[in-house]
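Residue-level structure breakdown
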Amino acid sequence: MSKKVKALALPYGLWMIAFTLAPMALMAIYAMRSSQGQAWTFKNFANFFSPLYMKVLWESVYIAIITTAISLAIGYPAAYFISVLPRKQRDIFLVLSILPMWMNFLLRTYSWMNILGRNGLINKMLSAIGIGPVSILYTRGAVYLGMLYNFLPFMIYPIYAVLIKISPSYLEAAKDLGASSWSAFWKITMPLSMPGVITGISMVFMPAVSTFVIPELLEGGHTMYIGNLIQHQFLQKGDWNFGSAISMILMAFVLLSMMVLNKFDTSGSKEDALW
Amino acid sequence: MSNTIIEVRDLSKEFDGEVVVNYINFNVAEGEFVTLLGPSGCGKTTILRMIAGFETPTSGDIYLYGKKINDAAPNERPVNTVFQNYALFPHMNVFNNIAFSLAIKKLPKKQIEEKVNYYLDVVNLSGYGSRDVSSLSGGQQQRVAIARALANEPKVLLLDEPLSALDLKLRKEMQQELKRIQKEVQITFIYVTHDQEEALSLSDKIIVMRKGEILQIGSPIDIYDEPINSYVADFIGESNIIDAVMHKNYEVEFLGKKFKCVDKKFPETTSVKVVIRPEDIEFSSLENAQLTGTIISSTFKGVHYEYKADIGEMEFLVQSTVEKSPGDIVGLSFVPNAIHIMRAEQRNIISSKMKQDNVVSFLGADFECEHEIAGQSQDVLAVIKPADWIILDKADKSAKLEAVIQYSSYHSERYECVAKIGDFTILLESITALKPGDRVGLDVDSDDIMIILDEEDLIEMDQEMDEEEWED
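Calculation notes
Residues numbered from 1 in each chain as written. Chains lettered and ligands numbered in written order. Predicted model: local features only at pLDDT ≥ 70, side-chain atom pairs only at ≥ 80, totals over all residues. Heavy atoms only, no water. Helix = DSSP H or I, 4+ residues; strand = E, 2+ residues; numbered from the N terminus. Buried < 20%, exposed > 50% of the residue type's maximum accessible area, 1.4 Å probe, protein only. Contact = heavy atoms within 4.5 Å. Areas by Shrake-Rupley, 256 points an atom, 1.4 Å probe, with all protein chains shown as cover. Lys, Arg positive; Asp, Glu negative; His and termini not counted. Charge placed at Lys NZ, Arg CZ, Asp CG, Glu CD. Expected span 1.5 Å × (residues − 1). Buried area = accessible area lost by both parts, 1.4 Å probe. Polar contact = N/O pair within 3.5 Å; in protein donor to acceptor, adjacent residues only side chain to side chain. Core = buried A, V, L, I, M, F, W, Y, C linked by side-chain atoms within 4.5 Å. Salt bridge = Lys/Arg side-chain N within 4 Å of Asp/Glu carboxyl O.

Each helix and strand counted, chain A has 14 helices and zero strands in total. On the principal axes, the C-alpha backbone points of chain A span a range of 70 × 70 × 40 Å. In chain A, buried positions account for 41% of the 275 residues. Intrachain contacts of chain A at a sequence separation of at least 6 include 69% that bridge at least 24 residues. If you sum the accessible surface of chain A, you get close to 15,400 Å²; carbon and sulfur atoms cover 72% of it. Across chain A, 19 positive and 10 negative side-chain charges occur, with their mean positions spaced 6 Å apart.

Right under this line is the structure:
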């Protein structure tokens, strides 16, 4: 690599040191310090492995898995549908699928509060036909809805990007060799699109497992998730050491689950995988 | 004569109104190695894809063992394809690629294993089963693609420029391999290529194509020795093409001299073209020479030298092992057998009058055409290819002209006829048999009538045709 290219990469290098590596190092130090004294300790980590906090972790993982599963069930067919459209329509649907992303994440979630609320759009429509009011806001369902709305494009896009690159000649070859459209899909398209599926799952699961704004706003914060727990430690309890330890554990957990996930790549190419 | 396995009848394909394959007819016999030869864009791959079932014909039919297969899906046809880019499944190893069709058929495991190993052996890749396809060389991938297609035990194997991605040496090697494999498995091969040498060395039958139409069908020797026109002659190898006239059988006149030849004169015309292959020309002493010329360039080709000799009216290409230098005056001679006579490109040129925009009148009838009257001149020439006449029953009221067949000869799966409309002689081609004395009705489509102002336009057009590139 020439010196010039290296020099061009310098700004990002500095950025990464300042805003990724340094904070992580700080977090690691905080996590291994006691909140009372200045002693090094693993107590913060050990504290997390109590039934109370394990339940918090489980709740987070649970809603993340459900969210990821639903986005996959909706996102894969959507991505497939878009990928087989003629060029012009494809572009339109692609833009439509990421259109919500053009608006700020918080605004999007706030507007869901208005739609789902007791005097919101849905309840107004329901009462017009004599039903309700139904409580939708401040339920688990509202959390799933908010997460899907926010994360679905992250599932559709990577799957689409892989599907569109699969050469049609593979499918022609499969049909030529006797496969029906259905079995050609399961034997060829599906395995070859796994890198996209895995990226999609990572991109949805990671933010879903650590989310705290969505449950806070749409569920009213009555269930504690790991994201809320971290926020709580930092902002309410002021226990930066324990908060840092939970963050580290969460990161390790996400990393581990991604490594497991990549074992499912059946496409034969490891180059596109995240790790 | 062996059984016909594939019949292609009046097959046409249009993409967005553009005709890619135009009214094609040919047969393929069981066990035959047939090559569709032509430049890229001539429609050969489209024909293959229609036989495979990946494209639907715009019109016309494809028969397999006499049964129409137009509407059968690709997976319902006993036909398999070796794709140009191989299309090996990247997520499967060699074994699973070859086993794909067998697994679809849900054969027992042991049988699949036997078959895969057999075909691995056929393509000389025994022991490669567990290899990743991406770890194979181009030639090996090619072999896997062939084995995968053969493993399905098709009646016909379609090969779409299978060797075009390989380098020259490997290509030669694979040519031999293909021929051997075809003999071993005894399956009908339909092969698509733009490489004339490949076609000549592999095929039992070659179908030469240009712009969606068949120019000639014949054995490699037929095509090489008796090309139907200068386009085929030029495409199928280096050649000297000379305008000539033939007034009687076994004698042809060109470059101001008379030469003995082995062909009879064509009954309908005296104007012909002569093809002499450069390797059929020998240097001889000046007194025994049939032509004399001056060497203007010399290129060493390994086995022989290739010379250009100026013989006054044109340059001659000569291949010889004898060494000559530029500037040498040489005698050239060739045996009567080396003179190949072809028809000059046949066209009907008919004096006509433009009646109004897009309506032309000739031989007493009005025809639609695509030509607007320019200026004052309404006298024009209508040019119609012999194959473009629509031949109707003589009782058909919609026929605009009636012609009487004078002479008919069978050539390359079609009848070439001379016919009279009143006193005017025309040439026409027919797929169905016509014999002298038959009366037929004729019509012609508006886009098959070309209107020109004088014969010079025609010469210009011919030159443009000749300059067309053959290469990709």
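Moving on to the overall build of chain B. What chain B contains, in helices and strands, is nine helices and 30 strands. For chain B, the spread of C-alpha atoms along the principal axes amounts to about 75 × 65 × 45 Å. Nonlocal contacts in chain B, meaning residues at least 24 apart in sequence, comprise 66% of its contacts between residues at least 6 apart. Carbon together with sulfur atoms contributes 45% to the accessible area of chain B, which is approximately 22,500 Å² in total. Distance from the positive charge centre (48 side chains) to the negative charge centre (80 side chains) of chain B: 7 Å.

A few words now on helix 10 (residues 181-192) of chain A. Between its first and last C-alpha, helix 10 of chain A extends 15 Å over twelve residues, near the 16 Å set by a 1.5 Å rise per residue. Along helix 10 of chain A, the positions that sit buried rather than exposed are Ser183(A), Ala184(A), Phe185(A), Ile188(A), Thr189(A), Pro191(A) and Leu192(A). Looking at the buried residues of helix 10 of chain A, the elements they touch are helix 4 (51-83), helix 8 (140-163), helix 9 (168-176) and helix 11 (194-209) of chain A together with helix 2 (94-104) of chain B.

Counting residues at the interface gives 22 residues for chain B and 20 residues for chain A. Both faces combined, the contact of chain B with chain A buries some 1,700 Å², and carbon together with sulfur accounts for 63% of it. Summed over the shared surface of chain B and chain A, the number is seven residue pairs in polar contact (both at pLDDT 80 or more). Mapped by element, the contributors of at least two residues to the side of chain B that touches chain A are helix 1 (44-52), strand 6 (79-82), helix 2 and helix 4 (138-151) of chain B.

Turning our eyes to something else, we now look at the nonpolar core. Inside soluble globular proteins, nonpolar side chains tend to come together where they are buried. Ranked by size, the top nonpolar core spans 98 residues in total, and within it Phe48(A), Ile6(B), Ile24(B), Phe26(B), Phe89(B), Phe100(B) and Ile190(B) carry the most contacts. Examining the composition of this core, we find that eleven residues originate from one element, helix 8 of chain A, more than from any other. The contacts of Phe100(B), once residues within four sequence positions are left out, are Ala174(A), Leu177(A), Ala179(A), Lys187(A), Ile188(A), Phe89(B) and Met92(B). Of all hydrophobic cores here, the second largest spans 36 residues; its members include Tyr119(B), Leu125(B), Ile146(B) and Ala149(B).

What follows concerns the pattern of salt bridges. Note on pairing: side chains with opposite charge can pair once their charged atoms come close. Applying the stated criterion across every chain, the model contains 22 salt bridges over all chains. Across the salt bridge formed by Glu177(B) and Arg143(B), the nearest N and O atoms sit 2.9 Å from each other. Of this pair, Glu177(B) sits in helix 5 (residues 168-185) while Arg143(B) sits in helix 4; the two residues are 34 residues apart in sequence, bridging distant segments of the chain. With a relative accessible area of 12%, Glu177(B) lands in the buried category. Residue Glu402(B) pairs with Arg439(B) through a salt bridge whose shortest N-O separation is 2.7 Å. In this pair, Glu402(B) sits in strand 26 (residues 401-411) while Arg439(B) sits in strand 29 (residues 439-444), placing the two residues 37 residues apart along the sequence. Look at Arg439(B) and you get partly exposed, because its relative accessible area is 45%. One continuous salt-bridge network, built from bridges that share partners, spans Lys55(A), Glu59(A), Arg140(A) and Glu219(A).

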